[in-house]
Amino acid sequence: MIAKIISVGSEILSGDILDTNSKYLAEKMQDLGIDTEKIIAVNDEFDKIKNLVIVESADTDIILITGGLGPTEDDMTKEAVAAAIGKELISDDESFLRLKEYFKGNSFAIENNNKQVIFPKGSNILPNKCGTADGFSIYHNSCRIIVMPGPPREMIPMFEDYIYRDLDSSDNFYFSKYYRISGMGEWRVEKTIEDLIHGKDSIATYSKREGLFIKIKIKANTEAQASKRFEEYEEILKNRFGDMYIGEGIKDPATILGELLEKKSITVSCAESITGGMIASKLIGYPGISKCLKESYITYSDDIKSEVLGVNQNTLNEHTAVSEEVLNEMLEGLYQRSNADLVIASTGYAGPTGDDIGLVYIGAMYKSKKSLIEKRYSGDRNKIRERAAYDALLNAWRLVEES
């Protein structure tokens, strides 16, 4: 089967918002074994949406449309789809009842949202459990057109509740898992699993700012069959990548470390130069970190490294602030000052000028054990800093996990 995805919204084309709906739907189509042939963004213009539906529905099995179902004048996806397939718009009684219940008798709100209960004749209505804009599904010749609201918090539950399994007409299902690898470039990871990539299951590498992942997609009759195969792959990945293998899942590094610290009741403190508070900030994003995080310092200048952390001025003069020697003293000083179980530190060159842009030292000290790593990153200033923060968190996680 072939699918096409259409995102309606001028704000997407202007760059005001990121089109995460298309990414989500493309991944789901892949899980179902349905090929996504096109992803298209279109302005909130009646004729453009209408013509796009006419052209794209002529040679595909499924069109997934998101956006343009709201109550305002520029929300015209339903009207354009109805015109494209030659259907009149009619009111749906059940959708109207849901709207009345949502607004609890507020006649003004009901009247101003009334266009949200009108759909092309013959539509199968998709209730919106998280908002007021119901979606709909309708067949036009041999193409199934599925229209859903734009906000992801509304679109995703609707898709999962009413569309996902309905699109799989086979006895087989597709199951996917992500596995995180740390400390290696994408080309090395791909080389390490080259024989698996060319096997019967779909296996690919994905490089993101927050880390590098291997995605494995398995076709199986049951979840139990898929789980057994995933277990076999996990053993292979553990054996091949060793310490570089972090585990299954797409949790961000702060959550991975935060869960471990909370589980073991471990306190943590940070001292950051190049990352300028990013490590602590990401940790604070984890809800349970208040039980663990003691304090954090941005020790950007040499003077503050000496004054706050006790880094020896001779060490700074001899090795410079961006060195393993200075990082080591930062860890020692922070460990003594904060009395935390775990301390994390960073120093490096983020640019934009200089010969050593991307040279970073990240380290952690847990009780009496240390892990200091030299990294060389490419990219702009903020990309270097963010990658350093993520790797610092994963390095700290590994140190605690192995202790």
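Just above sits the structure.
For the structure given in this document, a descriptive report is provided here.

Basis of the calculations
- Residue indices begin from 1 for each chain and proceed along its sequence in written order.
- This being a predicted model, a pLDDT of at least 70 is required before a residue's local features are given, and a value of 80 or more before pairs of side-chain atoms are given or counted; all residues contribute to the totals for chains, interfaces and linings.
- Excluded from the side-chain calculations are hydrogens and water; all other atoms, namely the structure's heavy atoms, are used.
- For patch detection, residues must exceed 30% relative accessible area and be free of salt bridges, and they are connected within 9 Å for like charges or within 5 Å for nonpolar side chains (Val, Leu, Ile, Met, Phe, Trp, Tyr).
- Note on areas: Shrake-Rupley with a 1.4 Å probe; residue coverage comes only from the protein chains shown.
- Any carboxyl oxygen of Asp or Glu that lies within 4 Å of a side-chain nitrogen of Lys or Arg is treated as forming a salt bridge with it.
- This count recognises Lys and Arg as positive and Asp and Glu as negative, with His and chain-terminal groups excluded.
- Where a charge lies is defined by one atom per residue type, namely NZ (Lys), CZ (Arg), CG (Asp) and CD (Glu).
- Per the convention used, a helix needs a DSSP run of H or I reaching at least four residues, while a strand needs a run of E reaching at least two, with both numbered from the N terminus.
- A simple rule labels every residue: compare its accessible area, found with a 1.4 Å probe on the protein chains alone, to the largest value its type can have, and call it buried under 20%, exposed over 50%, or partly exposed in between.
- The criterion for an aromatic pair is that two Phe, Tyr or Trp rings (for Trp, the six-membered ring) have centres within 6.5 Å, with stacked assigned to planes under 30 degrees apart, edge-to-face to planes over 60 apart and tilted to the rest.
- Both a distance and an angle decide whether a charge sits over a ring: NZ of Lys or CZ of Arg must be within 6 Å of the ring centre and within 35 degrees of the ring normal.
- Each axis is a line fitted through C-alpha atoms, taken for helices only over the stretch in contact, and angles between the N-to-C directions span 0 to 180 degrees.
- Contacts were defined at the residue level, with two residues in contact if any of their heavy atoms lie within 4.5 Å.
- When residues are grouped by polarity, Ala, Val, Leu, Ile, Met, Phe, Trp, Tyr, Cys and Pro land in nonpolar, Asp, Glu, Lys and Arg in charged, and all others, Gly among them, in polar.
- Only strands joined by at least two bridges in the DSSP assignment are considered to pair.
- Here a cavity is any set of points on a 1 Å grid over the protein atoms alone where a 1.4 Å probe fits but cannot get out, and a pocket is any open set with protein on both sides within 12 Å along at least 5 of 7 lines; a residue lines the site when it has an atom within 4 Å of a point.
- Grid points are joined across faces, edges and corners, and a volume is the space filled by probe spheres set on the points.

1. A closer look at a negative patch on the surface
Consideration 1: Together, Glu-11, Asp-16, Glu-73 and Asp-74 line one region of the surface with negative charge.
Consideration 2: Take Asp-16: it is sitting in the loop between helix H1 (10-13) and helix H2 (20-31).
Consideration 3: Overall, Asp-16 belongs to the exposed group, its relative accessible area being 62%.

2. Quick look at the packing of aromatic side chains
Consideration 1: With the rule as written, the count across this model stands at seven aromatic pairs.
Consideration 2: Among the aromatic side chains, those forming a connected cluster through ring pairs are Tyr-24, Phe-159 and Tyr-164.
Consideration 3: A cation over a ring is seen here: Lys-28 above Tyr-164, with NZ or CZ 5.3 Å from the ring centre.
Consideration 4: Of note, Lys-78 hangs over the ring of Phe-119, and the distance from its end group to the ring centre comes to 4.4 Å.

3. Considering the packing of helix H13 (residues 302-309) against helix H15 (residues 324-338)
Any two packed helices are characterised by the angle at which their axes cross and by the distance between the axes.
Consideration 1: One way to put it is that H13 packs onto H15 with a least axis distance of 9 Å and a crossing angle of 35°. Contacts between H13 and H15 pair Lys-305, Val-308 and Leu-309 from the former with Val-326, Glu-329, Met-330, Gly-333, Leu-334 and Arg-337 from the latter.
Consideration 2: Classifying every residue of the contact of H13 with H15 by side-chain character gives five nonpolar, one polar and three charged.

4. Describing the sheet that holds strand E14 (residues 293-298)
Consideration 1: Within the open sheet, the five strands sit side by side as E14-E13-E15-E16-E17. Their pairing is mixed. Strand pairing shows two members of the sheet lacking a second neighbour, E14 and strand E17 (369-376), which therefore form its edges. Averaged over all pairs of adjacent strands, the angle between strand axes in this sheet comes to 10°, irrespective of strand direction.
Consideration 2: One ladder, built from eight bridges, connects strand E16 (residues 359-366) with E17; its direction is antiparallel. Opposite Val-360, over in E17, you have Lys-375 as the bridge partner.
Consideration 3: Where H15 meets the sheet, its contacts fall on strand E13 (268-272), E14, strand E15 (342-348), E16 and E17, and the angle it forms with E15 comes to roughly 145°.
Consideration 4: Together, E15, E16 and E17 form the strand contacts of helix H16 (residues 381-402), whose direction differs from that of E16 by roughly 30°.

5. Notes on the sheet that holds strand E12 (residues 245-248)
Consideration 1: If you trace the four strands from one edge of the open sheet to the other, you get E10-E11-E9-E12, paired in antiparallel fashion. Because the sheet does not close on itself, it has two edges, and the strands there are strand E10 (202-208) and E12. Within the sheet, the average angular offset between the axes of one strand and its neighbour, ignoring direction, is 25°.
Consideration 2: Packing against the sheet, helix H10 (residues 223-241) makes contact with strand E9 (173-181), E10, strand E11 (211-220) and E12, and its axis sits at approximately 145° to E11.

6. Describing the pattern of salt bridges
Consideration 1: Scanning the entire structure with this criterion turns up 24 salt bridges.
Consideration 2: With a closest N to O distance of 2.7 Å, Asp-195 and Arg-240 form a salt bridge. Pair noted here: Asp-195 is in helix H9 (residues 194-197) and Arg-240 is in helix H10, with a separation of 45 residues, a long-range link.

7. Quick word on the pairing of strand E7 (residues 135-140)
Consideration 1: In terms of burial, E7 is largely enclosed, as five of its six residues are buried.
Consideration 2: As defined by bridge partners, strand E6 (residues 124-126) adjoins E7 across three bridges and the pair is classed as antiparallel. Bridge pairing in E7 places Ile-125 opposite Phe-136.
Consideration 3: One ladder, built from five bridges, connects E7 with strand E8 (residues 143-148); its direction is antiparallel. Considered in E8, the bridge of His-140 is made with Cys-143.

8. Things to note about the layout of surface pockets
Consideration 1: One number sums up the size of the largest pocket: a volume of about 420 Å³.
Consideration 2: The wall of the largest pocket is formed by 22 residues, among which Met-184, Ser-207, Leu-212, Arg-387 and Asp-391 lie closest to the centre.
Consideration 3: Within the residue set of the lining of the largest pocket, elements represented by two or more residues are helix H8 (186-192), E10, E11, E17 and H16.
Consideration 4: With five residues, H16 is the largest single contributor of residues to the lining of the largest pocket.
Consideration 5: Classifying every residue of the lining of the largest pocket by side-chain character gives seven nonpolar, five polar and 10 charged.

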